[in-house]
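Observations on the model geometry
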Amino acid sequence: MRETEDSAGRMTALVSIIRAARLSHDRELELSAKRELSERFGVKLTFANDPRLTKREESRDA
């Protein structure tokens, strides 16, 4: 059970790091934490206000 708790804590920490890095415009830290989140937990994090997503949605609707 302890390993699961540690994993959940690490995942939560990574999400927090990614969010803080994004707010502070630290692209290198954001990408590094996203990479670890993806490789270690199989989770890909994207933000709803990401302009790349907006453009993709617009092109699908056109």
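Residues numbered from 1 in each chain as written. Predicted model: local features only at pLDDT ≥ 70, side-chain atom pairs only at ≥ 80, totals over all residues. Heavy atoms only, no water.

What to know about the pattern of salt bridges
Cut-off, in case you're wondering: Criterion for a salt bridge: a side-chain nitrogen of Lys or Arg within 4 Å of a carboxyl oxygen of Asp or Glu. The way it works is that DSSP assigns letters per residue, a run of H or I at least four long becomes a helix, a run of E at least two long becomes a strand, and they are numbered from the N terminus. Between buried and exposed lies partly exposed: a residue is buried under 20% and exposed over 50% of the maximum accessible area for its type, with that area taken using a 1.4 Å probe on protein chains only.
In the structure shown here, the tally under the stated rule is five salt bridges. The closest approach of N and O atoms between Arg10 and Glu36, which form a salt bridge, is 2.8 Å. Of this pair, Arg10 sits in helix α1 (residues 2-23) while Glu36 is found in helix α2 (residues 27-41), placing the two residues 26 residues apart along the sequence. On the accessibility criterion, Arg10 (30% relative accessible area) is partly exposed. Taking the shortest distance from any N to any O, the salt bridge between Arg22 and Glu30 comes out at 3.0 Å. Just as Arg22 is buried, Glu30 falls in that class too.

Observations regarding the confidence of the model for the protein chain
We count it as follows: One number per residue, pLDDT, summarises how confident the predictor is, and it ranges from 0 to 100.
Chain-level pLDDT for the protein chain is 84 on average; 74% of the residues reach the 70-or-more range. Predicted confidence in the protein chain is weakest over helix α3 (residues 51-61), with a mean pLDDT of 57, and strongest over α2, with 97.

A look at α2
So the rule is basically this: Multiplying 1.5 Å by the helix residue count minus one yields the expected span of that helix. Of all possible arcs, the one meant is that of the directions from the helix axis to the C-beta atoms.
When the terminal C-alpha atoms of α2 are compared, their 21 Å separation across 15 residues agrees well with the 21 Å that a helix rising 1.5 Å per residue should span. Glu30, Ala33, Lys34 and Leu37 are the residues of α2 that are buried. Seen along its axis, α2 keeps its buried residues to an arc of 100°; they face one direction. Exposed positions of α2 whose direction lies more than 90 degrees from the buried face are Glu28 and Glu39. Just downstream of α2 lies Gly42, where phi reads positive at about 70°.

So, the environment of Ala21
Rules: The contact criterion used throughout is that any non-hydrogen atoms of two residues lie within 4.5 Å.
Here Ala21 lies in helix α1. Among all residues touching Ala21, those that are not within four sequence positions of it are Asp26, Leu29 and Glu30.

A look at unusual backbone geometry
Trans peptide bonds make up most of the peptide bonds, and negative phi angles are found at most residues other than glycine. In this structure, His25 is a non-glycine residue whose phi angle is positive, near 60°. Residue His25 is classed as exposed on the basis of its relative accessible area, which comes to 72%.

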